[in-house]
Amino acid sequence: MKRKILIISVVFNILFILVSGIIIQKKGGVDFLKRILNLLDNPPAQNWTNYYKAKRSIFELMPNEANEIIFLGNSITDYCDWYELFGKSNIKNRGIDRDVICGVISRLDEVTSSKPKKIFLMIGINDLGQRRSINQILIDYEKLINLIITQSPETELYIQSLLPTDNRPRLQNEDIIIINKGLVQLTKKYNLTYINLFDLFITNKNVLNPNLTFDGIHVNGKGYLMWKEAIINYVNN
């Protein structure tokens, strides 16, 4: 009897390990496990571009002000003079070209140190371009949200959707749509505001409107003016 129980137990454990292994592999393997357990460290500083390191060092030297409104993200944020666009001196641009979610996490202390009034966040397109899975992107994004809420709980956090692209191989709009749906769920979970910019910039041919971009990823002046109109009430309220 004991022998039968032992055999059944061994078989059950083997099946459990096999099924678990298949599930973990589909989710991203060891990298998935590390991210679930929050054991994956941010990339070391030497992996950042010189531009990232230069901009970060400048940001860290800038004085904090009361009631800052921060635009946080990558090059799509970096390329715009937000304070001039809105005519508000308390608006700070904390976008860095080519940045990724872990890059924002690495420099987040500087962003939250002023306890900003508002943060407008857009990040993740470069993570997708680096072939990171949608699941990994959303796990890191949720970690970023948690850190912002923990470090600056009074800050109003606005989650801006990823923008569409010209549908190049690594940046397919069908993947961006899935990520944006995940962001919607995160905003509901944490009671945040989601701003859908994707639909504003997409055409009926499922590409970023060519009249609003110069390279199929970044928006031009007309694009930023449309962006401004879409969020002006959130900025001014």
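What counts, and where the lines are drawn
- Residues numbered from 1 in each chain as written.
- Predicted model: local features only at pLDDT ≥ 70, side-chain atom pairs only at ≥ 80, totals over all residues.
- Heavy atoms only, no water.
- Phe/Tyr/Trp six-rings, centres within 6.5 Å; stacked < 30°, edge-to-face > 60°.
- Lys NZ or Arg CZ within 6 Å of the ring centre and 35° of its normal.
- Salt bridge = Lys/Arg side-chain N within 4 Å of Asp/Glu carboxyl O.
- Helix = DSSP H or I, 4+ residues; strand = E, 2+ residues; numbered from the N terminus.
- Buried < 20%, exposed > 50% of the residue type's maximum accessible area, 1.4 Å probe, protein only.

The subject of this paragraph is the packing of aromatic side chains. Scanning the entire structure with this criterion turns up nine aromatic pairs. Ring-pair connections join several aromatic residues into one group, and the members of that group are Phe 71, Trp 82, Phe 86, Phe 120, Tyr 158, Tyr 224, Trp 227 and Tyr 234. Geometry around Phe 86 places Lys 228 over its ring, the cationic atom sitting 6.0 Å from the centre.

It is worth spelling out the pattern of salt bridges at this point. Tallied over the full model, the rule gives nine salt bridges. Between Glu 142 and Lys 189 there is a salt bridge, with its nearest N and O atoms 2.6 Å apart. Separated by 47 residues along the polypeptide, Glu 142 in helix α9 (residues 134–151) and Lys 189 in helix α10 (residues 173–190) bring together distant segments of the chain. Judged by its relative accessible area of 56%, Lys 189 falls in the exposed class. The shortest N-O distance in the salt bridge between Arg 168 and Asp 166 comes to 2.8 Å. Arg 168 gets classed as partly exposed once you look at its relative accessible area, which sits at 30%. Residue classification places Asp 166 among the partly exposed residues on the basis of a relative accessible area of 32%. Here the salt bridges share partners, and the residues they tie into one network are Asp 127, Arg 132 and Asp 140.

Although it is not a glycine, Arg 98 adopts a positive phi angle of roughly 70°. Topologically, Arg 98 is positioned in the loop between β2 (91–95) and α6 (101–106). Residue Arg 98 is classed as exposed on the basis of its relative accessible area, which comes to 62%. Although it is not a glycine, Asn 167 sits at a positive phi angle of roughly 70°. Mapping Asn 167 onto the fold places it in the loop between β4 (156–160) and α10.

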